[in-house]
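Working through the structure, step by step
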Amino acid sequence: MKTSIIGYPRIGNLRELKFASEQYFRGEITAAELEQTAKAIRLYNLNLQKNSGLDFIPSNDFSFYDGVLDTAFLLNAVPERYTALGLSALDTYFAAARGYQGEKGDVKALAMKKWYNTNYHYMVPEISDAAELKLVGTKPFDLFREALDQGVQTKPVVLGAYTFLKLARYTGTKTAADFADAIAAAYSELLCRFGELGAAWVQLDEPSLVKDMTEAETALFVSIYEKILANKHGVQVLVQTYFGDVRDCYNQLCTLDFDGIGLDFAEGKQSLALVRANGFPKDKTLFAGVVNGKNIWHNNYAHTLSIVQELQKYAAQTVLNTSCSLLHVPCTLANETKLSADCKQHFAFAKEKLTELAELKAIFQSAQPTDTSAYRQNAALHSAPRAGVNADVRAKVAALTDRDFLRLPAFSEREKIQKARFALPLLPTTTIGSFPQTADVKAARTALRKGELSAADYEQLIERKIAECVALQEEIGLDVLVHGEFERNDMVEYFGECLDGYLFTEKAWVQSYGTRCVKPPIIWGDIARAKPMTVRWSSYAQSLTDKPMKGMLTGPVTILNWSFPREDISLKESAFQIALAIREEVLDLEANGIRIIQVDEAALREKLPLRKSDWRTDYLDWAIPAFRFVHSGVRPETQIHTHMCYSEFADIITDIDNMDADVITFEASRSDLTILDVLKENHFRTEVGPGVYDIHSPRIPSKEEIKAALAQMLARIPAAKLWVNPDCGLKTRGNAETVPSLKNLVAAAKEVRNENS
Ligand code: GLN
Ligand code: ZN
């Protein structure tokens, strides 16, 4: 029995790569110094994996920014606007990753997109009609040789040809199929080079195979690989899939001349069933993804044992593998000083997953697997009653009935009641919640954490910021005010800290994109509202003004999606527990005189399953009810808002309407307002505030520009349903651009209002 991983985190245990890269961007270190840090990380990872006893150690999983971007450079798919700058190879690469503004020119970065259903983002390759795909880079070979110099024969990892073509954006009239021959030739050459270098195996990552595939797509995949595999140059080829099962191409995978097939048994709902129904080719090795690469919980050995033992009935050779690259989990538990030993024993980050693989291997090699001490310890861990059970919460969630997800009276009735209550002008103006988080607020929070500032002094500062923010909004003339969210470091972490059931890490960073990392909190036990979370700040803010003050909360689906979820209860159960806690806060706000409450679902779309056929059953059927439960208990005259950070919800538009909020604000300015037609066609019922300007850029939108955006909106949305607001929170902006931007927004709304009444 051998072991393998698909890839290892490359940021370094303490985010060394991030810090070195940022120093390089600021001109503080040289390219050679950056490369030194990179090499140190690679060699550290290599030794760690070697010493853990791992059999298949990946190479080329390292990247300075993103692996898809690396592949674009490998295959000569780099738009000319970057190469034409005349920069060094490394700087050309960073120009494509981050944009470039300097002596040599001014170019924007390539687009960035979410990597399947993860929180990682990749750079979207751009392929023009003139593009000539061919093997031009050397990074995979260089890194293979680097490891070889250390005496380690690695398994090089390269993004597969099919997935690369599927992820690219085509700027001309050609499509993926037009590049099939060229890319097959490039990969053939790649195998040839690895053959010369003496590589035994090459892993080609093909996660796009777990998505719904049309016949044309399967045919494209087959035609590319028939060519690539026609001559393997003595190298064994592993096709590695992850993030789901390969139900649309399992037979093709088995028939093509691959030497290894990597399947995901963690997220692949049908992976086991596919093997059971179709068997597994005797001449191939099955790389069985049984150690979850995406989550941080300790593997359940009994469960893994039973899966692998069954797989061994079908496959002649089975390798124990992770379900996806370990890129999606933090590096190591070793740097967590505040987690209790009791909690820690349940977790396995990347380094600890190497230990799991080694233990599993030993268990499989033993004559009596279930008698080994590792197995028994693991069984004890998984069978012990879990800490953090809250019987009250469980009972409440279990008792939910249809009525709990239904807010009465119906929307149209509430709309009338609320119009009368608030008597807001036509096209009411508001913001999304946060105001600029200035240096004084961040410094105070750091001082509070270090014990250099008392809680009382900190809270006084927050109150002062709120008072200033309210006064500012009154001066600007906004209609519905916010308190500014100064008390929050982050829209999930803040709530997590106020809830029972959450754990926080110190160094457990995961790469989100490039040098940006996130530290998702861990849902450890049943979630319950330990104390009021925002009532104090919202009621204080409301006490300063006669205008309605929006209460500001994060919704259950977003809190869940931006955390490491539990595996011992379902996502649905967790979502309902969080919803219960947020619902209590909503009712508390209402009881304390807050008349409008916004529940942000910024990340609702993020975890939409990769296959459309799973959207409802696996996700929307509980995600939408979780949101509805949050607000179904409020009075008819209390107005519920929600906010989403994207506007690509055309395909789930009825579900969004079914959240049954009274008002929804969302990003629209960057996507050319295309969503407006969709709203119109679908008779969208909820009142809407499509963002009238882009807050992600420091520029100040003119009044005329905002009026023009409003005119476009009014052409498709009834004036009585339209709100006027920026497209997201203002916390990353400065006051210098925020104040004039909001003044222009209010002035534009007033003029358009007069023209329409
Ligand atoms: N209310 C939050 C804010 O204004 C929403 C942030 C978000 O959409 N990501 O910052
Ligand atoms: Zn947003």
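Residues numbered from 1 in each chain as written. Chains lettered and ligands numbered in written order. Predicted model: local features only at pLDDT ≥ 70, side-chain atom pairs only at ≥ 80, totals over all residues. Heavy atoms only, no water.

1. Thoughts on the site of ligand 1
- Contacts to ligand 1 come from I432, G433, S434, E485, M491, M552, D600, A602, H643, C645, C728 and G729.
- The side chain of S434 places a nitrogen or oxygen atom 2.7 Å from an oxygen atom of ligand 1.
- Between a nitrogen atom of ligand 1 and a side-chain N or O atom of D600, the distance comes to 2.6 Å.
- In isolation ligand 1 offers 300 Å² of accessible surface; the protein chains occlude 90% of this area.
- Here the residues of the shell around ligand 1 sort into six nonpolar, four polar and two charged. (Near = heavy atom within 4 Å. Polar contact = N/O pair within 3.5 Å; in protein donor to acceptor, adjacent residues only side chain to side chain. Areas by Shrake-Rupley, 256 points an atom, 1.4 Å probe, with all protein chains shown as cover. Nonpolar A, V, L, I, M, F, W, Y, C, P; charged D, E, K, R; others polar.)

2. Points about the environment of Q153
- As for its position among the elements, Q153 is in the loop between α6 (139-149) and β8 (155-159).
- A relative accessible area of 38% means that Q153 is categorised as partly exposed.
- Considering only alpha carbons, one finds Q153 and A200, 47 residues apart in sequence, at a separation of 8.1 Å.
- Ignoring anything within four residues of it in the chain, the contact list for Q153 reads F144, L148, G198, A199 and A200.
- Only 3.4 Å separates the side chain of Q153 from the backbone nitrogen of A200, close enough to count as a polar contact. (Helix = DSSP H or I, 4+ residues; strand = E, 2+ residues; numbered from the N terminus. Buried < 20%, exposed > 50% of the residue type's maximum accessible area, 1.4 Å probe, protein only. Contact = heavy atoms within 4.5 Å.)

3. Section: helix α12 (residues 301-314)
- Here α12 spans 20 Å end to end across 14 residues, near enough to the 20 Å set by a 1.5 Å rise per residue.
- Those residues of α12 that fall on the buried side of the exposure criterion are Y301, T304, L305, I307, V308, E310 and L311.
- For α12, the elements touching its buried residues are α11 (271-278), β13 (285-291), β14 (317-322), α14 (350-365) and α15 (373-383). (Expected span 1.5 Å × (residues − 1).)

4. Considerations on the packing of helix α23 (residues 571-591) against helix α24 (residues 615-631)
- Here α23 crosses α24 at 20 degrees, and the two axes come no closer than 8 Å. One finds that α23 runs roughly parallel with respect to α24. As α23 runs across α24, the sense of the crossing is right-handed. Contacts between α23 and α24 involve L571, K572, A575, F576, A579, L580, I582, R583 and V586 from the first element and W622, P625, A626, F629 and V630 from the second.
- By residue class, the composition of the contact of α23 with α24 is 12 nonpolar, no polar and two charged. (Axes fitted to C-alpha atoms, helices over the stretch in contact; angles between N-to-C directions. Parallel < 35°, antiparallel > 145°, perpendicular 65-115°, else oblique. Left-handed = near helix turned anticlockwise from the far one by under 90°.)

5. Regarding the pairing of strand β22 (residues 663-666)
- Here β22 shows no split at all, with V663 and T665 on one side and I664 and F666 on the other all buried.
- In the sheet, strand β21 (residues 639-644) pairs with β22 via four bridges, with the strands oriented parallel. The residue of β22 that forms the bridge with H643 is T665.
- Pairing of β22 with strand β23 (residues 687-690), which is carried by four bridges, proceeds in the parallel orientation. Following the sheet pairing, T665 is matched in β23 by G689. (Pairing = 2+ DSSP bridges.)

6. Things to note about the packing of aromatic side chains
- Enumeration over the complete set of coordinates arrives at 32 aromatic pairs.
- Cluster of aromatic residues (ring-pair linked, three or more members): Y24, F25, F62, F64, F73, Y93 and F94.
- For the cation-ring pair, K465 lies above F486, with the distance from its terminal atom to the ring centre recorded as 5.8 Å.
- K519 extends its terminal NZ or CZ atom over the ring of W509, reaching a point 5.5 Å from the ring centre. (Phe/Tyr/Trp six-rings, centres within 6.5 Å; stacked < 30°, edge-to-face > 60°. Lys NZ or Arg CZ within 6 Å of the ring centre and 35° of its normal.)

7. Structural notes on the coordination of the zinc ion (ligand 2)
- Taken together, H643 (NE2), C645 (SG) and C728 (SG) make up the full set of protein donors to the zinc ion (ligand 2), lying 2.1 to 2.3 Å away.
- Each of the four donor atoms bound to the zinc ion (ligand 2) contributes to angles spanning 79 to 123 degrees, and the resulting shape is irregular. (Donors = N, O, S within 2.8 Å, 3.2 Å for Na, K, Ca; no water. Tetrahedral: all angles 85-135°; square planar, octahedral: opposite > 155°, others 65-115°.)

8. Section: the sheet that holds strand β12 (residues 260-264)
- Across the sheet, eight strands lie side by side as β1-β14-β13-β12-β11-β10-β8-β2; this open sheet has parallel pairing. Both outer strands of the open sheet, β1 (2-3) and β2 (58-59), are each paired with one neighbouring strand and no more.
- Sheet analysis places β13 next to β14, joined by six bridges and oriented parallel. Note on β14: the bridge partner recorded for T285 is Q317.
- With respect to the sheet, α14 is in contact with β1, β13 and β14, its orientation differing from that of β14 by roughly 155 degrees.

9. A few points about the nonpolar core
- Core analysis: the biggest nonpolar cluster contains 113 residues, and W115, F221, I224, Y225, F265 and F347 have the highest contact counts within it.
- Other than its neighbours up to four places away in sequence, F347 contacts I296, W297, H298, L333, L339, L503, I522 and W524.
- Ranked by size, the runner-up nonpolar core spans 102 residues in total, among them V557, Y619, I652 and I653. (Core = buried A, V, L, I, M, F, W, Y, C linked by side-chain atoms within 4.5 Å.)

10. What to know about the sheet that holds β22
- Read across the sheet, five strands follow the order β19-β20-β21-β22-β23 without closing on themselves; strand pairing throughout is parallel. Pairing within the sheet leaves two strands with one partner each, and these edge strands are β19 (550-554) and β23. Sheet twist, expressed as the mean angle between neighbouring strand axes with direction ignored, is 20 degrees.
- Contacts between helix α17 (residues 411-422) and the sheet are confined to β20 (596-600), β21 and β23, with β23 contributing the most and set at about 70 degrees to the helix.

11. Describing the pattern of salt bridges
- Within the structure shown, the criterion is met by 53 salt bridges.
- Here D259 ties to K232 by a salt bridge, and the two come within 3.0 Å at their closest N and O atoms. Linking D259 in the loop between α10 (250-255) and β12 with K232 in the loop between α9 (215-228) and β11 (236-240), this pair joins segments that are 27 residues apart in sequence. As far as the burial class goes, D259 and K232 line up, both buried.
- Two residues, R635 and E637, come together in a salt bridge whose shortest N-O distance is 3.4 Å.
- Classification of R635 as partly exposed rests on a relative accessible area of 42%.
- Judged by its relative accessible area of 24%, E637 is partly exposed.
- One network of salt bridges, in which partners are shared, links D212, D245, R247, D248 and R611. (Salt bridge = Lys/Arg side-chain N within 4 Å of Asp/Glu carboxyl O.)

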